[in-house]
Amino acid sequence: MERYKGAELGRMSPHVFAIADISYRAMIDERRSNSILVSGESGAGKTETTKLIMQYLAFLGGHSFAEGRTVEQQILESNPVLEAFGNAKTVRNNNSSRFGKFVEIQFDNHGRISGAAIRTYLLERSRVCQISDRERNYHCFYLLCSAPAEEIEAYKLGDPRSFHYLNQSSCYELDDVNDAQEYLATRRAMDVVGINENDQEAIFRVVAAILHLGNIDFAKGEEIDTSVIRDERSMFHLEMTARLLMCESHALEDALCKRVMITPEEIIKRSLDPLGATISRDGLAKTIYSRLFDWLVDKINHSIGQDSNSRFLIGVLDIYGFESFKSNSFEQFCINYTNEKLQQHFNQHVFKMEQDEYTKEGIDWSYVNFIDNQDILDLIEKKPGGIIALLDEACMFPRSTHETFCEKLYQSFKSNKRFIRPKLTRTDFTIVHYAGEVQYQSEQFLDKNKDYIVAEHQDLLTSSKCPFVASLFPPLVEETTKTSKFSTLGARFKLQLQQLMDTLNSTEPHYIRCVKPNDELKPLLFDNVNVTQQLRSGVRCA
Ligand SMILES: Nc1ncnc2c1ncn2[C@@H]1O[C@H](COP(=O)(O)OP(=O)(O)OP(=O)(O)O)[C@@H](O)[C@H]1O
């Protein structure tokens, strides 16, 4: 860090410190905000790079003689906390971030760090209930199962193999990671970022409750289309969940197995069959977990504090790269949409730089072709008529299905050259992205896009005797109850992205592209074909 400080770009070997250094110098000299956009595929090193950048900025703009916790320490320690709750082992990366992150580091007039804000994007919720083999759930579940004995006893935990949300995969441990030590390290990091002992206890109690919740199974009830708690074991987990969330176990059982239907004539309590109750259980687990994650982010932001007098900042963006798998769902759609947005930002920036250069040298630039992906963005986000708008529309009509949604897409984009109707399927669609074609399976698009909490779950947790749990579920006011029924993740995500783009557009951008040397997660192995492919898509991007 000492060597890169103030060194002219290019004098030293390439390093993320060099990019962080010029961003900082540009901010000080030109008195304007800068941003560093880190990109690359999963496992390429975005998060590690982001942490190095943050360390370097803390080195340049830190407070050497501050008493107690400094802002920069808190910023750095927010990483292990967010990683414990937002990262998981996947086949591509043992510590994969399952959310996007934009960290805004604010500086005062003397160039010292004076505040920060962390914004997160689209946490992968499905992982809480469903994991593929060789992957893991979020780290925090395993850390808690390795907690000191008194916590294990209090929460009735133990072997992760005994929990449904963890035992769908045969992977429990990570090479070179000791979960017991990580648990203690996470608690220490929580201390530093300002989460007090009581809140820490409540956080892990909620994590334990989710594990017990996942072990509640249902059997057919006596009456048709009803369900009951399956056996003694499930009953035990029901009672544990209720105890940890501090609510009534009967109320929890009802919230899982029943739905209240309000018709103009009467209020009917309808039972769910075992499959419906299981879906209800998983929905509750996902909602609790995502609220917990949002709470952590808010708490960290609150505790670090924002400097409202700060006139410039350095933003660091660590966001999921372009994804194309065998099967692609709503998550990949949102991720690839993000990448289209960032790609456009990059194109515009590079074009503008070129244009400035030409103008400076008095060369006519009118013939320079500008690669633009606006047509793909229109296909996705145009209002009305884009894919997100059509999806929202489908979510509002109770009779819509993924089949009717797809049919609508086929009709609307028949002659759009960025849209393909694949052969041999009636529910897939393909988008021709800047980085290649991706075929999406629409089966779960509608469900995943709907963003409202089941009223029974809301009522149950709002009335929890634990103030922490209740605070995760503030009562809905009448007005929002109506609108939130129709609030959708797609629309919310689109808005968040627009805000991110507005921020980025007001800064001087710098880019770091991470390249993954091999798919084996091994050091000192360089796979030429694989690397070339990544660089090609980089060239295509430019
Ligand atoms: N600069 C580096 N030096 C050594 N190892 C690194 C470096 N960067 C990354 N790694 C290794 O690669 C792993 C994956 O890196 P990282 O988690 O930063 O990837 P990512 O691009 O953020 O992935 P994802 O999109 O899945 O979150 C790290 O856990 C580490 O083992």
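Everything numeric here is computed off the predicted structure, so don't read it as measured data. (Residues numbered from 1 in each chain as written. Predicted model: local features only at pLDDT ≥ 70, side-chain atom pairs only at ≥ 80, totals over all residues.)

**A few points about the domain arrangement of the protein**
Phase 1 of the analysis: Each domain of the protein was delimited in the assignment, giving domain 1 (16-126 + 306-322 + 509-541) and domain 2 (340-448).
Phase 2 of the analysis: Centre-to-centre, using C-alpha coordinates, domain 1 lies 27 Å away from domain 2. (Domains from an automatic or database assignment.)

**Considerations on the sheet that holds strand E1 (residues 34-39)**
Phase 1 of the analysis: Strand order in the open sheet formed by five strands is E5-E4-E10-E1-E14, with mixed pairing between adjacent strands. Because the sheet does not close on itself, it has two edges, and the strands there are strand E5 (113-121) and strand E14 (508-513). With direction set aside, neighbouring strand axes in the sheet form an average angle of 15°.
Phase 2 of the analysis: Two elements, E1 and strand E10 (residues 312-318), share five bridges in a ladder whose sense is parallel. Bridging from a neighbouring strand, leucine 37 pairs with leucine 317 of E10.
Phase 3 of the analysis: Relative to E10, helix H2 (residues 46-61) is tilted by about 160°, and along the sheet it contacts E1, strand E4 (100-107), E5, E10 and E14. (Pairing = 2+ DSSP bridges. Helix = DSSP H or I, 4+ residues; strand = E, 2+ residues; numbered from the N terminus. Axes fitted to C-alpha atoms, helices over the stretch in contact; angles between N-to-C directions. Contact = placed C-beta atoms within 7 Å.)

**Regarding the confidence of the model for the protein**
Phase 1 of the analysis: When pLDDT is averaged across the protein, the result is 92; 96% of the residues are at 70 or more.
Phase 2 of the analysis: Reported confidence for the predicted complex is 0.99 by ipTM and 0.92 by pTM. (pLDDT = per-residue confidence, 0-100.)

**Details of the site of the ligand**
Phase 1 of the analysis: Around the ligand, the surrounding shell holds 15 residues, and the nearest of these are Gly45, Lys46, Thr47, Glu48 and Ser96.
Phase 2 of the analysis: Those elements giving two or more residues to the shell around the ligand turn out to be H2 and strand E3 (96-97).
Phase 3 of the analysis: With three residues, the top contributor of residues to the shell around the ligand is H2.
Phase 4 of the analysis: Residues belonging to the shell around the ligand are distributed by class as follows: three nonpolar, ten polar and two charged. (Near = placed C-beta within 6 Å. Nonpolar A, V, L, I, M, F, W, Y, C, P; charged D, E, K, R; others polar.)

**Things to note about the sheet that holds strand E12 (residues 428-433)**
Phase 1 of the analysis: Pairing is antiparallel across the open sheet formed by three strands, whose spatial order is E11-E12-E13. Each edge of the open sheet is held by one strand with a lone partner, namely strand E11 (419-420) and strand E13 (436-441).
Phase 2 of the analysis: Where E12 lies against E13, six bridges are found, and the strand directions are antiparallel. Bridge pairing in E13 places threonine 430 opposite glutamine 439.
Phase 3 of the analysis: Those strands touched by helix H11 (residues 330-360) are E12 and E13, and its axis lies near 150° from that of E13.

**Concerning the UniProt feature "binding site: ATP" (unreviewed entry) in the protein**
Phase 1 of the analysis: Annotation from UniProt places "binding site: ATP" (unreviewed entry) at Gly40, Glu41, Ser42, Gly43, Ala44, Gly45, Lys46 and Thr47.
Phase 2 of the analysis: Along the polypeptide, glycine 40 turns up in the loop between E1 and H2.
Phase 3 of the analysis: Glycine 40 has contacts with Gly45, Lys46, Gly321, Arg513, Cys514, Val515 and Lys516, leaving out every residue within four places of it along the chain.
Phase 4 of the analysis: Tracing the chain through its elements places glutamate 41 in the loop between E1 and H2.
Phase 5 of the analysis: With sequence-adjacent residues up to four places away left out, glutamate 41 is seen in contact with Gly321, Lys516 and Gln534. (UniProt positions renumbered as here; feature names shortened; annotations may be inferred.)

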